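# Notes for the structure review
Here's the letter readout for the chains.
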Amino acid sequence: MAKPFRQAVKAVIFDERGRCLLIRRSHQCRNFVGKWEWPGGKVDPGEDFAAAVVREAKEETSLEVEVTGLAGATQFEMPAVNVVLLCMETRLIAGKVRLSEEHDDFAWVPLSDLEKWDIVESAKPLMLEYAKRKETAL
């Protein structure tokens, strides 16, 4: 029997200096403990994915953001499901970073430095390709 597909989202949140927010998964997580990622998570049934990005950013970081565009998409396999991951560019509206228990550290990182971080493997190719595209566009 084929694995079902689930949708997940990530928010690329930039600060005023053009650095993106990375957060590190804590021991409260079942998967990818100690790995860095953009804030995000699962899309709830019937939820618009842009609303999910805003909700997940708020839940994981306490930051208020608005979606400004698509950063990229990828697909990967987990033990029970296939995941379609949409990464969205966002604009920071308000707030200071306060992490949920799912994460234990954060850093504002220039896109050009992403390759130096221990990023969740399933999202790493998309994140590095996005960084390369953004640098080329500048």
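Residues numbered from 1 in each chain as written. Predicted model: local features only at pLDDT ≥ 70, side-chain atom pairs only at ≥ 80, totals over all residues. Heavy atoms only, no water.

### Here we look at the packing of aromatic side chains
- Scanning the model with the defined rule gives 2 aromatic pairs in all.
- Taking 4.8 Å as the distance between ring centres and 75 degrees as the angle between the ring planes, the aromatic pair formed by Trp-36 and Trp-117 counts as edge-to-face. Of this pair, Trp-36 sits in strand 3 (residues 36–37) while Trp-117 sits in the loop between strand 7 (103–109) and helix 2 (124–137), and the two are 81 residues apart along the sequence.
- Given the relative accessible area of 25%, Trp-117 is considered partly exposed.
- Taking 5.8 Å as the distance between ring centres and 90 degrees as the angle between the ring planes, the aromatic pair formed by Trp-38 and Tyr-130 counts as edge-to-face. Of this pair, Trp-38 sits in the loop between strand 3 and strand 4 (40–42) while Tyr-130 sits in helix 2; the two residues are 92 residues apart in sequence, bridging distant segments of the chain.
- In this structure Tyr-130 comes out as buried when scored by relative accessible area, which is 1%. (Phe/Tyr/Trp six-rings, centres within 6.5 Å; stacked < 30°, edge-to-face > 60°. Helix = DSSP H or I, 4+ residues; strand = E, 2+ residues; numbered from the N terminus. Buried < 20%, exposed > 50% of the residue type's maximum accessible area, 1.4 Å probe, protein only.)

### Here's the deal with the layout of surface pockets
- Here the largest pocket is characterised by a volume of approximately 740 Å³.
- Around the largest pocket, the lining is made up of 28 residues, and of these Ala-8, Arg-25, Asn-31, Gly-41 and Lys-42 lie nearest the centre.
- Contributions of two or more residues to the lining of the largest pocket are made by strand 1 (5–14), strand 4, helix 1 (49–61) and strand 6 (82–94).
- Of all the elements, strand 1 adds the most residues to the lining of the largest pocket, at 5 residues.
- Here the lining of the largest pocket is composed, by residue class, of 13 nonpolar, 5 polar and 10 charged. (1 Å grid on protein atoms, 1.4 Å probe; cavity = no way out; pocket = protein on both sides within 12 Å on 5 of 7 lines; lining within 4 Å. Points joined across faces, edges and corners; volume = space filled by probe spheres on them. Nonpolar A, V, L, I, M, F, W, Y, C, P; charged D, E, K, R; others polar.)

### Looking at unusual backbone geometry
- Despite not being glycine, Ser-62 shows a phi value in the positive range, around 70 degrees.
- Mapped onto the fold, Ser-62 is located in the loop between helix 1 and strand 5 (64–77).
- Accessibility expressed as a relative area gives 19% for Ser-62, which makes it buried.

### Describing the nonpolar core
- Ranked by internal contacts, the top residues of the largest apolar core, which has 24 residues, are Trp-38 and Leu-114.
- Contributing elements (two or more residues each) for this core: strand 1, strand 2 (20–25), strand 5, strand 6, strand 7 and helix 2.
- For this core, the element with the most residues is helix 2, which contributes 4 residues.
- Non-local contacts of Trp-38, meaning those with residues more than four positions away in its chain, are made with Lys-10, Ala-11, Val-12, Cys-20, Leu-21, Leu-22, Ile-23, Cys-87, Leu-114, Leu-126, Met-127 and Tyr-130.
- In this structure, Val-9, Leu-21, Val-43 and Leu-63 belong to the second largest nonpolar core, which totals 14 residues. (Core = buried A, V, L, I, M, F, W, Y, C linked by side-chain atoms within 4.5 Å. Contact = heavy atoms within 4.5 Å.)

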